[in-house]
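Listed below, chain by chain, are the residues.
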Amino acid sequence: MKAVKFLNTVSKTENISFRAFSVSSQCHADKHFRLLVVGGGAGGCGTASKFASKLGKGKVAVIEPTTTHYYQPMWTLVGGGLKTLEQSGRPMESLLPKEAAWFKEKVQSFQPDENSVTLESGDKLTYDYMVVAVGLQLRYDKIKGLLDAFETPGVCSNYSDKYVLKTAAAIKNFPNGGNALFTFPNTPIKCAGAPQKIMYISEEAFREAGKKANIEFHSSLAVLFGVKKYADALWKIVEQRGININLRHNLIEVKPDSKEAVFEHLDTKELITRPYDMLHVTPPMNTPPALGENKQLANEGGFLDVDKETLRHVKYPNIFGIGDCTSVPTAKTAAAVAGQLGIMRHNLGAVLAGKDPQAKYDGYTSCPLVTGRKTCVLAEFDFQAPPQPLETFPINQAKERVTMYMMKAHVMPQLYWYGLVKGWWEGPAIFRKLFRFGFSK
Ligand SMILES: Cc1cc2nc3c(=O)[nH]c(=O)nc-3n(C[C@H](O)[C@H](O)[C@H](O)COP(=O)(O)OP(=O)(O)OC[C@H]3O[C@@H](n4cnc5c(N)ncnc54)[C@H](O)[C@@H]3O)c2cc1C
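Residues numbered from 1 in each chain as written. Predicted model: local features only at pLDDT ≥ 70, side-chain atom pairs only at ≥ 80, totals over all residues. Heavy atoms only, no water.

Participant: Account for the confidence of the model for the chain, naming residues and giving values.
Facilitator: Mean pLDDT for the chain: 93, with 92% of residues reaching 70 or above. The lowest-confidence element of the chain is helix 1 (residues 12-23), averaging 29 in pLDDT; the highest-confidence one is strand 18 (residues 278-280), averaging 99. (pLDDT = per-residue confidence, 0-100. Helix = DSSP H or I, 4+ residues; strand = E, 2+ residues; numbered from the N terminus.)

Participant: Explain helix 7 (residues 194-208) to me, and be specific about the residues and the numbers.
Facilitator: Between the first and last C-alpha of helix 7 there are 21 Å, a value that for 15 residues agrees with the 21 Å anticipated at 1.5 Å per step. For helix 7, the tally of buried residues reaches 13 of 15 residues, placing the bulk of the element in the interior. Downstream of helix 7 by a residue or two, G210 has a phi angle that is positive, lying close to 75°. (Expected span 1.5 Å × (residues − 1). Buried < 20%, exposed > 50% of the residue type's maximum accessible area, 1.4 Å probe, protein only.)

Participant: Break down the sheet that holds strand 11 (residues 155-156) for me, with residues and values.
Facilitator: Strand order in this open sheet of five strands is 11-18-12-13-14, and the pairing throughout is parallel. For this open sheet the edge positions go to strand 11 and strand 14 (244-247), each flanked by a neighbour on one side alone. Where strand 12 (residues 178-184) lies against strand 13 (residues 213-219), seven bridges are found, and the strand directions are parallel. For A180, the partnering residue across the bridge sits in strand 13 and is I215. (Pairing = 2+ DSSP bridges.)

Participant: Quick rundown of the pairing of strand 2 (residues 32-38)? Include the residues and the values.
Facilitator: Most of strand 2 sits inside the fold, with five of its seven residues counted as buried. In this structure, strand 2 lies alongside strand 9 (residues 124-132), joined through six bridges in parallel fashion. Residue pairing for strand 9: V38 is matched across the bridge by V132. Judged from the four bridges that link them, strand 2 and strand 3 (residues 60-63) form a sheet pairing that is parallel. Opposite V38, over in strand 3, you have I63 as the bridge partner.

Participant: Could you give an account of the environment of T66, naming the residues involved and the relevant values?
Facilitator: One can find T66 in the loop between strand 3 and strand 4 (68-70). Here T66 falls in the partly exposed class, since its relative accessible area comes to 35%. Excluding residues within four positions of it along the chain, T66 makes contact with M92 and W102. Among the polar contacts made by the side chain of T66, one reaches the side chain of E64 at a distance of 2.6 Å. (Contact = heavy atoms within 4.5 Å. Polar contact = N/O pair within 3.5 Å; in protein donor to acceptor, adjacent residues only side chain to side chain.)

Participant: Tell me about the packing of aromatic side chains, and name the residues and values.
Facilitator: Taken as a whole, this structure holds 15 aromatic pairs when the rule is applied. The interplanar angle of 80° and the centroid separation of 5.8 Å between the aromatic rings of F33 and F103 together place this pair among those described as edge-to-face. Residue F33 is found in strand 2, and its partner F103 is found in strand 6 (residues 101-103); the two are separated by 70 residues along the sequence. What makes F103 buried here is its relative accessible area of 0%. Measuring from centroid to centroid gives 4.5 Å for Y71 and Y416, while their planes differ by 40°, and the two rings are tilted. One end of the pair, Y71, is in the loop between strand 4 and helix 3 (75-79); the other, Y416, is in helix 11 (residues 402-420), and 345 residues separate them in sequence. With relative accessibility at 5%, the residue Y71 sits in the buried group. Following the ring pairs from residue to residue traces out a cluster consisting of Y71, Y416 and W417. (Phe/Tyr/Trp six-rings, centres within 6.5 Å; stacked < 30°, edge-to-face > 60°.)

Participant: Could you give me a rundown of the site of the ligand, with the residues and numbers involved?
Facilitator: Around the ligand sit 33 residues, and of these G43, E64, D324, A334 and A335 come closest. Side-chain polar atom of K408 to an oxygen atom of the ligand: 3.1 Å apart, as the coordinates give it. About the coverage of the ligand: the protein hides 92% of its 1000 Å² of free accessible area. No other element matches the three residues that helix 10 (residues 334-352) contributes to the shell around the ligand. Both domain 1 (4-136 + 287-352) and domain 2 (138-285) contribute no fewer than three residues apiece to the shell around the ligand. (Near = heavy atom within 4 Å. Areas by Shrake-Rupley, 256 points an atom, 1.4 Å probe, with all protein chains shown as cover. Domains from an automatic or database assignment.)

Below you can see the structure in the form of structure tokens.
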């Protein structure tokens, strides 16, 4: 077995024997867990924290390959030069619950009929219950020429710790009169607002530096934003700031030598080539192959096939899902993870106690649409078709506000580190009710 780390703070002797016992590949008994959590991101950490203390030492295991846990929503501000990359990361070990075992590797494959998973090392773990929280993987490789283009200045992406600092550099070094292109791919993505947040931050920075810029947003979508109330507000902002919006444009190739980006119009199939000085790419995304290619667990799109309200798998009653990797038809955000965590507390808690899951997720999700280095539109909505606003504050949230920027930059990170990943923060529903004197969902 690769690296297995136990976070138990028990007596030294106990700890050593537990660790040694568990790494032995002969000892099947110690590789069985009451609850297996796959993925240690927002959803995995939150779920493990919630249940590890309830179930007790050694009953919960987390499988997560990385040592640094990033608060990805901060990368909008890191790319904008408003926070450092270091501020967005913490050691994984400091966030996982002490009572849980940590397997520091990936799940290679799932065997849901046997209640087991196989790790990259080839070892198997078995479980009574499992929560899948493997998120989305970034597919920069799907765009021809992009990986080479990342080696050149001006090409950047807030979606990866590898390329986010290039965004801040591209804004700083942007030439007067240059072209800045921002893209949105042709797949579901995490935080659908992030591709345009960095565009607004960049536009403001160019303007304040006295630089003229031609700014273009090329999106595969047919709308600027999926919720009409906020899309209307954003259309006003792009018109005021002279930003060119190109809908149904999908980035298919980057030519770093000539500094050109090639888009395909998804309806007409026409190819459009645009020169760039700055190119911010939001990559196509899909679920990791261990999940996406597993026909028993995933739907046709590769997402964990769960009931959108109970979060329980549609075929395997001992499997639940949380976060970006599931089929729940809501916008994929950490805010949605928080809302789902409350449902997980009720529903996984119920099945662990031999009862039926009763709680129903309302689709709550949120996207703080940063529109500059001091302003933000706080979009909050559900998963109805079409999605409807589900706002916390009794004010018009479609308006750009400094207070909402302060929340995004200073309050939300604290909620994440001390609330969500620790298993406490279940979203703002309680405040929504309070602000409406109880007359709200
Ligand atoms: C630039 C950017 C801006 C964003 N802005 C916001 C925002 O303003 N507000 C907001 O609410 N959300 C925002 N988000 C989205 C938010 O970060 C995600 O929705 C959230 O992190 C989802 O949590 P998750 O647990 O589903 O996935 P993740 O947090 O991505 O965690 C998935 C974990 O699974 C692990 N994993 C993958 N494959 C395997 C495997 N085979 N075995 C074991 N482990 C595996 C990964 O290493 C990872 O740690 C933003 C994201 C980005 C990138």
